[in-house]
Amino acid sequence: MELLIAIMVGVLVAASVYLMLARNVLRFLFGLILISNAANLLIFVSGRLTAEAPPLIPEGADAPLELVANALPQALVLTAIVIGFGLFAFALMLVYRGYQSLGTLMSDEMRLAEPKEDGQ
Amino acid sequence: MAGGPAGWISVLIPAALFAYFLGFVPAVSDGDVILLATEWVPSLDIRLSVMIDGLSLTFALLITGIGTLVTLYSTKYLGSHPEYPRFVLYLMAFMVGMLGLTLSDNLLALFVFWEVTTISSYLLIGFNSDSAKSRRSALQALLVTGTGGLALLAGMILLGNVAGSFELSVILQQGDMIRAHPLYVPIVILFLAGAFTKSAQFPFHFWLPNAMAAPTPVSAYLHSATMVKAGIYLMARMNPGLGGTDLWFWTLVIAGGFTTVFASVLALRQTDIKQVLAYTTLMALGALTLFIGAGTSDAIKAAMLFLVVHSLYKAALFLMIGVVDHATGTREVGVLRGLARKMPLTFVAAALAAISMAGIPPFIGFIGKEFLYKAGLGLEQGSLWVTGTIFAASALMFVAAGIVALRPFLGKLADTPKPAHEGPMVMVIGPLILAVLGLFFGLFPDTIEAWLVAPGTWAVYGSPDVSVDLYLFREVNAAFILSMVTFATGVVIYVFHRSLRDALGRLFAANPIKFDPGWDRVLDGLKALAGWQTRILQSGVLQRYLFVVFATLAIGIGGTIWTKDALNFRLDLAAELDGLLFKHWAVLVFIIAGALLTAYTRSRMTAIAALGVVGIGVALIFIMFSAPDVAITQLLVETLVVVLVAVAMLKLPHLDPVGTKDRRPWHAVLAVAVGVCVTAVLVAVLQGDIDRRLTDYFEVTSWPEAYGRNIVNVILVDFRALDTFGEIAVVVIAALSAYALLRGTHYKGRKPDTAEDET
C-alpha cells in the first residue's frame, strides 16, 4: 500500500502542477488544494503506515503496550492541514477581490502593478 | 581651532595613534614581529589578529602621521563647509580601514578593511555631491576598485584553502608549497587584479586622475600617500608567499614599468598642477610595483625607501597646491607666476618637496633615486628595462618638479582670480613639516634606515638577513653617473617642456584609444545587458515564472536522482498488491480519478465535486491507517473548502471564456515529470530505514511527563505548543486579511472600472 500511495501522491502532484500552470487563477487555486493534500499524504506515508493501531496509551499504562502508528507525522500533518486551509482561504479571497477590482481571472491580464511596456 | 569639535577631535585621534605607533619603533627595528589576536567570527575562522612588523609599522606611521597633518590642514581648508563633520567622519572611517588593512594578520579581516577604504574613498571623492563630475569619478573609482576587491576575495579564499589558514603569519611561511601548487597561477592573477585596480596600474590607471575631483586634503591623503598604496602594500606583503617566480616577476615588472613611463609622459601633458601631481603619483605607484616585482634584496630596499620618500614629498606638494588654490583661486600653470614673494612659506615648502621629488642631493629623494638605480643595474634579468624606465621616469619627474614648484613661484607676479596671499598657518605647517622631513632624512639617512626601511625590507623580503645601509654619497659609481645624466636630461626637457606639452596634446588628441570614454561605453553596455536580461527573465507573466520554478524543480530532483543513481533497488509490486483489500483499491481509484478530473474538467461544479472526492479520499486513508484525529480535521477542513469555493463561485465567471479551451500539452509533460520526481523521492524514502527516535521519545514521555494518553494531542499542545501557537496565529492573520479584503469590496456600482481608471 505504501508504494501505491507514493504513486498516487505523484498523480496528485502532477495534476496540481498542471492546474497551477493555467492562465485562470481559479485553476491555480484548485492546484493549491490538491498540492496541500499531496504534501500531507507524503509526510504521512514517509512515517510508514500502520493499520488499526492509533497512537494512544491504554488506561493504567505509561506507554503504548504494542506497536502503534507513528505519532510524529500525524502531529505535523494536523498542523499542515490547518495552515494549508488558512493559505487557501486567503488565496481565495485574494482571487475574489482581484476579480472584483480587475474584472478578470486571467493571470496575464492582471497587470495593474506592471503595465505592459512597448515592444513586449 | 576652525571646524569646532569635529576639527580638534579629528586631529587628536591620528596624532595620538601616531604617538602610540612610534612606541613600537624600537622593538620592530630590532627585528621583532608583534602578533596580537582576538576571535572575531570563530565559526568562519576570522580572527581580529594584528601583525606589527616593519612593513605594517611603516604604513601605520605614514597613515597616522600624514593623517594628523592632513586633518589639521582640513580644519582650515574645509572647516567652514556646512558638511565638514560628515567629511571628518568619512576621513576617520577611511583611516580606520587603512590601519586595519595594513595591521591585520588575517586575510579575511584584511579584505573587510580593504573594502572599508574603497567605500570611504567613494564617499570622499563624491564629497562635492552636487557636482556630476564628482559623482561620476566616485562611482568609477568604486566600481574599478570594487571589482578588483571581489577578485581579491576569490584569490584570498583560494589561498586560504591552499595554505590551510587565513593567518598571514602562517601563510607566508609556506611560500615554497604555495608556489608549487596548481592553484598558484589563479591565486596570483586574482591577487594582482585586486592590487592593480587599487594602485591604479595600467590598464586600470584611469580612475586615479579622475579621483582628483575630491577635495585637496583627500587627494593628498588617500590618492597619494595612503590608499592607492594599499595595492602596493598587498604586493609587498604577499611577496614572501607569492613572489619569486617568473610569472610574478614579469607581470609586475612589465605592468609597473609601463605605468611608470606612461604616467610620467602624461604628467607633462597636464596644465592643472593637481593633475600633474596625480600623474606623477601614478608614476610612483608604477615604480613601486616594478621594484617589488624585481624582488632582489636591493630592489625591495629601494622600494621601501621610495615608498616613504614619495609619501613625504607628494603629500607636501598636494597640500601646497591646495594652499595655492585656496589663496589664488586657480591651479593652472599658465596663470600662476611669481607667487614666491606673496607666499614665501608655501614657496619654501614647495621648493623643498620638489627638490626631493627631483632627486637632488642632499634630500632623501636623491638617496631614493640612487637606490632605485643601484637595484635596477644589479638585476640579473630585465636590468635594462627596469633601469631604462626608471631613468625616463626620473628625468620626467625632474621636469614635473620644475613645473610644480618653479614656474608658479618665480618670475613676475601674474593676475589670478583672487589676489595672492600667504595661506593660514595651519595649512602651511603640514607641507612644511613634510618637506623639511625630506631634508632631515636626506642629511641623516641612518635614522629612517633603522626605524623604517630596514625592518620593512626584512618583512617584504621574508628574511632579516638583508643589511640595509643608506648613504647620501660614497663613491662615483654607475648609479651616481646615471643620476647626473638624469639631471642633464631633465634640464633639457624642462627648457622645452611647453612646446613638448603642445606636441603631446596633439599626439594624444590623435590617439583613438581613450580609456575614459571607453569606461562610459563599458557601463552603457552593462546597462544594456542588464536590461536585455531582465526583459528575458522578468516577463511579468505568472505562468512563465511558475513554469521556470517547476522546471527547475523537475530538473534538479530528476537530475540528482539520475546522476546519483538513487533508484537502484528492485520494487516488489507483486508483494505490494498482495493483501490489498477492496477498500484500499476504492480509495486509491477515487482519489486518482478526482485529481485527474479536476485537472481536466471545464466545469466549475465538476471541479468542486472532484476536489471534494479527493479530500474525503485522503481523510479515508487517514482513518484506515490509524490517524483518527487527522482524519477528523481533514473532513472538517475539506467541507469548509468546498463550501467556500462554492460560495465564491456564485460571484466568479466560468473557468474558460466562451469559445476557448484549456489544453496545454507542454504543461502536461512538465506536470508528469514533477509528479514522477515526487514519487521517486518518496519511494526512495520508503526504501530506507525509518528513524523512530523522536516517536519513541514521545511515546514514553507522553503520559509520565504530560499526563496525556493521546500522543498526537500531547505533541500538539505540549511538546510542540509553540508551533501550534504559531499555527493559530497564521490562521488568525489569514482570517483578518481575508476580512480586510472582503471589506474593501464594499463600493458597489464602480467595481471593475477602478482598474481601468488606474491603467
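Remember, predicted model here, so these are calculated numbers, not experimental data.

*Asks:* Please explain the overall build of chain A as it appears in this structure.
*Replies:* Looking only at helices and strands, chain A has three helices and zero strands in total. When the helices and strands of chain A are placed in sequence order, the string is α-α-α. Over its C-alpha trace chain A gives a radius of gyration of 21 Å, far above what one expects of a compact globule, namely 14 Å for 120 residues. With respect to the principal axes defined by its C-alpha atoms, chain A has extents near 75 × 30 × 20 Å.

*Asks:* Could you clarify how one ought to interpret the overall build of chain B in this entry?
*Replies:* The helix and strand tally for chain B stands at 33 helices and two strands. Expected size for 759 residues packed as a compact globule is a radius of gyration near 27 Å; at 37 Å, chain B overshoots this value by more than 25%. Taken over 759 residues, chain B has a buried fraction of 54%. Nonlocal contacts in chain B, meaning residues at least 24 apart in sequence, comprise 78% of its contacts between residues at least 6 apart. With 49 positive and 49 negative side-chain charges, chain B shows a spacing of 13 Å between the two charge centroids.

*Asks:* What exactly am I supposed to notice about the pairing of strand β2 (residues 46-52) of chain B here?
*Replies:* Side chains on a regular strand alternate between the two faces of the sheet. Residues and elements named next belong to chain B. Where strand β1 (residues 34-41) meets β2, seven bridges bridge the pair, whose relative direction is antiparallel. Looking at β2, one finds that E39 is bridged to R47. Once β1 ends, the chain turns through four residues before running back antiparallel as β2, passing D45 with a positive phi of about 60°.

*Asks:* Would you mind showing me how to read the interface of chain A and chain B here?
*Replies:* Many structure descriptions define interface size as the accessible area lost when the parts assemble. With 91 residues of chain A in contact, the opposing surface of chain B contributes 108 residues. Interface area for chain A against chain B, summed over the two sides, is near 9100 Å², with a carbon-plus-sulfur share of 74%. Taking the shortest distance from any N to any O, the salt bridge between R709(B) and E59(A) comes out at 3.6 Å. In terms of residue class, the side of chain A that touches chain B is made up of 65 nonpolar, 15 polar and 11 charged.

*Asks:* Help me out: how do you make sense of the environment of L78(A) in this one?
*Replies:* Residues and elements named next belong to chain A. Structurally, the position occupied by L78 is in helix α3 (residues 71-102). Given the relative accessible area of 10%, L78 is considered buried. Counting along the chain gives 75 residues from L78 to L3, while the straight-line C-alpha distance between them is 22 Å.

*Asks:* So what exactly am I meant to see when it comes to the side chain of Q270(B) here?
*Replies:* Structurally, Q270(B) is set in the loop between α13 (246-269) and α14 (273-294). If sequence neighbours within four positions are ignored, Q270(B) has contacts with Q275(B), V276(B), Y279(B) and R501(B).

*Asks:* Explain the layout of surface pockets here, please?
*Replies:* To locate leftover empty space, one rolls a probe as large as a water molecule over the atoms. Residue and element names in this part refer to chain B. By volume, the largest pocket is sized at about 650 Å³. Every residue lining the largest pocket is counted, 31 residues in all, and those nearest its centre are L266, R269, Q270, Y279 and D516. Within the residue set of the lining of the largest pocket, elements represented by two or more residues are α6 (132-163), α10 (207-210), α13, α14, α22 (497-510) and α23 (515-537). Partitioning the lining of the largest pocket into residue classes produces 16 nonpolar, seven polar and eight charged. Its volume calculated, the second largest pocket comes out at about 450 Å³. Forming the walls of the second largest pocket are 22 residues, and the residues nearest its centre are V33, Q173, W458, A459 and G462. Secondary structure elements with two or more residues in the lining of the second largest pocket: α7 (168-171), α8 (175-180), α12 (229-242) and α20 (445-461). Among the residues making up the lining of the second largest pocket, the classes are represented as 10 nonpolar, seven polar and five charged.

*Asks:* What's the story with the pattern of salt bridges in this structure? I'm lost.
*Replies:* Pairing between side chains of opposite charge can happen when their charged atoms approach one another. Applying the stated criterion to the full structure yields 14 salt bridges over all chains. The residue R179(B) makes a salt bridge to D176(B) at a minimum N-O spacing of 3.2 Å. You can see R179(B) and its partner D176(B) sitting in helix α8, three residues apart, about one turn around the helix. In this structure R179(B) comes out as partly exposed when scored by relative accessible area, which is 26%. Between R331(B) and D325(B) there is a salt bridge, with its nearest N and O atoms 3.2 Å apart. Classification of D325(B) as buried rests on a relative accessible area of 18%. Connected through salt bridges with shared partners, the residues R23(A), D108(A) and E109(A) form a single ionic network.

*Asks:* In this structure, what is going on with unusual backbone geometry? I would like to understand it.
*Replies:* Residues apart from glycine generally show negative phi values, whereas peptide bonds are mostly found in trans. Cis geometry is adopted by the peptide bond preceding P203(B), which originates at F202(B) and carries an omega value of 5°. The residue after P361(B), namely P362(B), is reached through a cis peptide bond having omega 5°. Examined against the element boundaries, P362(B) turns out to sit in the loop between α16 (344-358) and α17 (364-377). Here the phi dihedral of R48(A) falls at roughly 75°; this positive angle occurs in a residue that is not glycine. Note on placement: R48(A) falls in the loop between α2 (25-46) and α3. R48(A) gets classed as buried once you look at its relative accessible area, which sits at 18%. A positive phi angle, near 55°, is found at E52(A), a position not held by glycine. Relative to the assigned elements, E52(A) resides in the loop between α2 and α3.

*Asks:* What is the right way to look at the packing of aromatic side chains in this model?
*Replies:* Describing an aromatic ring pair means giving the distance of the ring centres and the angle of the ring planes. All names here are of chain B. The final tally for this structure, using the stated rule, is 22 aromatic pairs over all chains. Aromatic pair F87 and F127: ring centres 5.3 Å apart, planes at 65°, arrangement edge-to-face. Of the two residues, F87 is situated in helix α4 (residues 84-103) and F127 in the loop between α5 (107-125) and α6; the sequence distance between them amounts to 40 residues. The same class applies to F87 and to F127, which are both buried. Where F698 meets F719, the ring centres are 4.9 Å apart and the plane angle is 45°; that geometry is what we call tilted.

*Asks:* Honestly, the environment of E332(B) in this entry has me stumped. Any pointers?
*Replies:* Residues and elements named next belong to chain B. Looking at where E332 falls in the secondary structure, it is placed in the loop between α15 (297-328) and α16. Residues E332 and G160, 172 residues apart in the sequence, show an inter-C-alpha distance of 49 Å. Apart from residues lying up to four places away in sequence, E332 is in contact with T271 and D272.

*Asks:* Help me out: how do you make sense of the confidence of the model for chain B in this one?
*Replies:* Segments scoring low in pLDDT should not have their predicted coordinates read at a detailed level. All names here are of chain B. On average, residues of chain B carry a pLDDT of 86, and 97% of them reach 70 or more. This stretch, residues 749-759, has a pLDDT under 50; its non-local contacts, to residues over four places away or in other chains, come to 11 contacts. Across the predicted assembly, pTM comes out at 0.72 and ipTM at 0.94.

*Asks:* Where do I start with the packing of helix α19 (residues 425-443) of chain B against α20(B) in this structure?
*Replies:* In a pair of packed helices, the angle between the axes and the distance between the axes together describe the arrangement. All names here are of chain B. Relative orientation of the contacting elements α19 and α20 amounts to 95°, with a least axis distance of 4 Å. By the angle between their directions, the pair α19 and α20 is classed as roughly perpendicular. Contacts between α19 and α20 involve F440, F441, G442 and L443 on the former and, on the latter, P445, T447, I448 and W451. In terms of residue class, the contact of α19 with α20 is built from six nonpolar, two polar and no charged.

*Asks:* Before we go on, may I ask you to explain the packing of α2(A) against helix α27 (residues 604-624) of chain B in this structure?
*Replies:* With their axes 11 Å apart at the nearest point, α2(A) and α27(B) run at an angle of 10° to one another. For the element pair α2(A) / α27(B), the angle class is roughly parallel. Residues F30(A), I33(A), L34(A), N37(A), L41(A) and F44(A) of α2(A) form the contact with α27(B), whose participating residues are A607(B), L611(B), V614(B), G615(B), V618(B), I621(B) and F622(B). Looking at side-chain class alone, the contact of α2(A) with α27(B) contains 11 nonpolar, two polar and no charged residues.

*Asks:* Is there a simple way to think about the nonpolar core in this case?
*Replies:* The nonpolar side chains of a soluble globular protein tend to be buried, and buried together. Formed by 192 residues in total, the largest nonpolar core has its most connected members in L242(B) and F291(B). Per-element accounting of this core gives the leading share, 22 residues, to α15(B). Judged by nonpolar contacts, the second largest core, of 87 residues, contains I33(A), F625(B), I711(B) and I715(B).

*Asks:* Would you take a moment to explain the side chain of S104(B) for this structure?
*Replies:* Residue and element names in this part refer to chain B. Topologically, S104 is positioned in the loop between α4 and α5. Judged by its relative accessible area of 4%, S104 falls in the buried class. Looking at S104, its side chain comes within polar contact range of the main-chain oxygen of N106, at 3.0 Å. Looking at S104, its side chain comes within polar contact range of the main-chain nitrogen of L110, at 3.4 Å. If sequence neighbours within four positions are ignored, S104 has contacts with S49, A109, L110, F113 and L168.

Reading the values: rules and limits
Residues numbered from 1 in each chain as written. Chains lettered and ligands numbered in written order. Predicted model: local features only at pLDDT ≥ 70, side-chain atom pairs only at ≥ 80, totals over all residues. Heavy atoms only, no water. Helix = DSSP H or I, 4+ residues; strand = E, 2+ residues; numbered from the N terminus. Rg over C-alpha atoms; globule rule 2.2 N^0.38 Å. Buried < 20%, exposed > 50% of the residue type's maximum accessible area, 1.4 Å probe, protein only. Contact = heavy atoms within 4.5 Å. Lys, Arg positive; Asp, Glu negative; His and termini not counted. Charge placed at Lys NZ, Arg CZ, Asp CG, Glu CD. Pairing = 2+ DSSP bridges. Buried area = accessible area lost by both parts, 1.4 Å probe. Salt bridge = Lys/Arg side-chain N within 4 Å of Asp/Glu carboxyl O. Nonpolar A, V, L, I, M, F, W, Y, C, P; charged D, E, K, R; others polar. 1 Å grid on protein atoms, 1.4 Å probe; cavity = no way out; pocket = protein on both sides within 12 Å on 5 of 7 lines; lining within 4 Å. Points joined across faces, edges and corners; volume = space filled by probe spheres on them. Phe/Tyr/Trp six-rings, centres within 6.5 Å; stacked < 30°, edge-to-face > 60°. pLDDT = per-residue confidence, 0-100. Axes fitted to C-alpha atoms, helices over the stretch in contact; angles between N-to-C directions. Parallel < 35°, antiparallel > 145°, perpendicular 65-115°, else oblique. Core = buried A, V, L, I, M, F, W, Y, C linked by side-chain atoms within 4.5 Å. Polar contact = N/O pair within 3.5 Å; in protein donor to acceptor, adjacent residues only side chain to side chain.

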